[in-house]
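What follows is the residue order along each chain.
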Amino acid sequence: MAKEFRQKIRQKNTDNSGFGDNASGRFINKDGLPNVRRKGVNIFNRFSWYHTMLELSTFNFLSYLVIAYVLVNLFFALIYYLIGVEHLTGIDKSDPVNEFVDVFFFSSQTFTTVGYGRIAPVGFMASLVATFEAFLGLLTFAIATGLFYGRFSRPRAYLTFSDIAVIAPFKDKAALMFRLAPFKNNSLTDAEVTISAAIEVIENNVKKSNFYTLKTRLNRINTLALNWTVVHEIDEDSPFSGFSDEDFKNTDIEIIVHVRAFDEVFSNTVVQRTSYISGEIVYGAKFVPMYYPDQENQSTVLDLDKINHYQPADLPVFKEKQ
């Protein structure tokens, strides 16, 4: 089936996508990160932990910090307990549970260098562990502070993309469309979009992916304040020329989206990516408007809840040139 579609494509495939023609699966995940697994290096060299912590969601980032804080204090509390609670003054020795609870809170006070004074180490071993824990706590909070600052100060595009792309009527033809919009109050200018298509074909009984740069009706706008519907007109030069609904469903297609814009506050360029695969392309549909004037007609309301709303639409019959 894919081999037959290859005969319809007049546009020459490109090799500047960054992916080989024998790569498999989705190329770009919905979050914009490449779908690549690396082998040949150990886990400590495979990941940049700094980048990983910056890319985490706020909930996951805070959750990991809290979990790590509790685990570290449990670890040191166990060490103090094994050394012996008699080497700590002010411990409630009424039962083992109270002893361990007091030891845990002493560990947290030492780790944060609070040191209320009710419980104190006695002897060389307990004092040595407390000294090392206080030093580790200073380093840990310095790292956590840097991560907080890095997450807070890092410029980001803060764009939301529609979950689906549509094949919609456009003038007297059809067009591939998706839309995006800023969801925070950051000011983005000189926004530019680049889209390409990866289409799986069969050559010599071997599956491979051909990449095509998709032309857009408008690939650059001065200010990105409202939603932006990106339009690729399916004309004679499009790799999707002559594709029907069944063609889109039965062909492995991925639309790779790359958006670049300038953030005026940070005076820096921000980038965001996403992709759409065959199952996320709705044939014969068009997006409904998602912005409108307010009741006083003094400002424009951008309703982000409508970014995925669409309605059925009849497509014109495309006639290929002979």
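In this text, all values refer to a predicted model and were calculated from it rather than measured experimentally.

1. A short note on the environment of serine 94
Argument step 1. Within the secondary structure layout, serine 94 lies in the loop between β1 (88-89) and α5 (96-111).
Argument step 2. Residues serine 94 and asparagine 29, 65 residues apart in the sequence, show an inter-C-alpha distance of 56 Å.
Argument step 3. One polar contact links serine 94 to aspartate 92, side chain to side chain, over a distance of 3.1 Å.
Argument step 4. At a separation of 2.8 Å, a polar atom in the side chain of serine 94 contacts the side chain of asparagine 98.

2. Overview of the UniProt feature "domain: Potassium channel" (unreviewed entry) in the protein
Argument step 1. On the UniProt side, "domain: Potassium channel" (unreviewed entry) is annotated at positions that read residues 71-148 here.
Argument step 2. Along residues 71-148 the backbone is 69% helical and 5% strand, and the end-to-end C-alpha distance reaches 20 Å.

3. Some details on the environment of arginine 46
Argument step 1. You can see arginine 46 is positioned in helix α2 (residues 43-46).
Argument step 2. Residue classification places arginine 46 among the partly exposed positions, given a relative accessible area of 34%.

4. What about the packing of aromatic side chains?
Argument step 1. Tallied over the entire structure, the rule returns 15 aromatic pairs.
Argument step 2. Between the aromatic rings of phenylalanine 27 and phenylalanine 211, the centroid separation amounts to 5.2 Å while the plane-to-plane angle is 65°, which identifies the pairing as edge-to-face. With phenylalanine 27 in the loop between α1 (2-8) and α2 and phenylalanine 211 in strand β7 (residues 206-214), this pair connects stretches of sequence that are 184 residues apart.
Argument step 3. Note on phenylalanine 27: relative accessible area 4%, which makes it buried.
Argument step 4. On the accessibility criterion, phenylalanine 211 (3% relative accessible area) is buried.
Argument step 5. Look at phenylalanine 111 and phenylalanine 141: their rings are 5.8 Å apart centre to centre, the planes differ by 55°, and that puts the pair in the tilted class. One end of the pair, phenylalanine 111, is in helix α5; the other, phenylalanine 141, is in helix α6 (residues 124-153), and 30 residues separate them in sequence.
Argument step 6. Through a chain of ring-to-ring contacts, the aromatic side chains of Phe240, Phe243, Phe248 and Tyr283 assemble into a single cluster.

Thresholds, definitions, all that
- Just so you know, the residues in each chain are numbered from 1, in the order the chain's sequence is written.
- Owing to the predicted nature of the model, reporting of local features is limited to residues with pLDDT of at least 70; listing and counting of side-chain atom pairs is limited to 80 or more, with chain, interface and lining totals taken over all residues.
- Only hydrogens and water are removed before side-chain values are computed, so all heavy atoms of the structure are retained for them.
- In DSSP terms, a helix is any run of H or I states spanning at least four residues, a strand is any run of E spanning at least two, and both are numbered starting from the N terminus.
- Two N or O atoms form a polar contact when they lie within 3.5 Å of each other; inside protein one atom must be a possible hydrogen donor and the other a possible acceptor, and for residues adjacent in sequence the pair counts only when both atoms belong to side chains.
- UniProt positions are given in the numbering used here, feature names are shortened, and annotations may be inferred rather than shown by experiment.
- Note on exposure labels: buried denotes an accessible area under 20% of the residue type's maximum, exposed denotes more than 50%, and partly exposed covers the range between, all computed with a 1.4 Å probe on protein chains only.
- Side-chain rings of Phe, Tyr and Trp (the six-membered ring for Trp) are treated as a pair once their centres are within 6.5 Å; stacked means planes under 30 degrees apart, edge-to-face means over 60, and tilted covers the remaining angles.

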